[in-house]
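# Commentary on secondary and tertiary structure
Listed below are the residues making up each chain.
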Amino acid sequence: MATYKLTYFPITGLGEPIRMTFALAGIPLEDERVPGADWGALKATLPPGSQMPILHVTEGGNTEMLFQSRAILRYIGSISSYEGSKLYPDDPKTRYHCEEVIEMVE
């Protein structure tokens with residue numbers, strides 16, 4: 001089973017929907033809050049163009065870093081469910097309606 005760590009600033013911003021989605025799905029999440037003063041040092045260790053939030057997915061001893069908040073949300077929705085329903089649907093038309101709502105609230 002994979003483990004998850006979110007790295008983001010100590011604010012709600014783009015990290016909060018990710019935190020809320022993990023909570024809704026009942027998936028444990030390590031929440032690493034990086035002060036702005038420490039961001040430069042961290043950024044220097046990341047692939048070029050990387051930005052926060054970062055979701056670290058560790059499975060079988062390998063860790064992959066995922067970037068871009070909406071892509072992270074879609075990923076979490078694809079692997080999780082709430083009350084028996086996937087958070088991000090498989091059916092293309094239902095997924096469209098999900099995307100429509102995401103775009104409206106952005």
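Residues numbered from 1 in each chain as written. Predicted model: local features only at pLDDT ≥ 70, side-chain atom pairs only at ≥ 80, totals over all residues. Heavy atoms only, no water.

### So, the overall build of the protein chain
- In terms of regular secondary structure, the protein chain is built from four helices and six strands.
- The long-range fraction of contacts in the protein chain, counting pairs at least 24 apart against all pairs at least 6 apart in sequence, stands at 50%.
- For the protein chain, the exposed surface amounts to about 6,700 Å²; the carbon and sulfur share of it is 56%.
- Charge-centre separation for the protein chain: the mean point of 9 positive side chains lies 4 Å from the mean point of 14 negative side chains. (Helix = DSSP H or I, 4+ residues; strand = E, 2+ residues; numbered from the N terminus. Contact = heavy atoms within 4.5 Å. Areas by Shrake-Rupley, 256 points an atom, 1.4 Å probe, with all protein chains shown as cover. Lys, Arg positive; Asp, Glu negative; His and termini not counted. Charge placed at Lys NZ, Arg CZ, Asp CG, Glu CD.)

### A short note on a nonpolar patch on the surface
- Together, Val-101, Met-104 and Val-105 make up a nonpolar patch on the protein surface, roughly 330 Å² of accessible area in all.
- With respect to the secondary-structure elements, Met-104 resides in helix α4 (residues 92–105). (Patch = residues over 30% accessible without salt bridge, like charges linked within 9 Å, V, L, I, M, F, W, Y side chains within 5 Å. Salt bridge = Lys/Arg side-chain N within 4 Å of Asp/Glu carboxyl O.)

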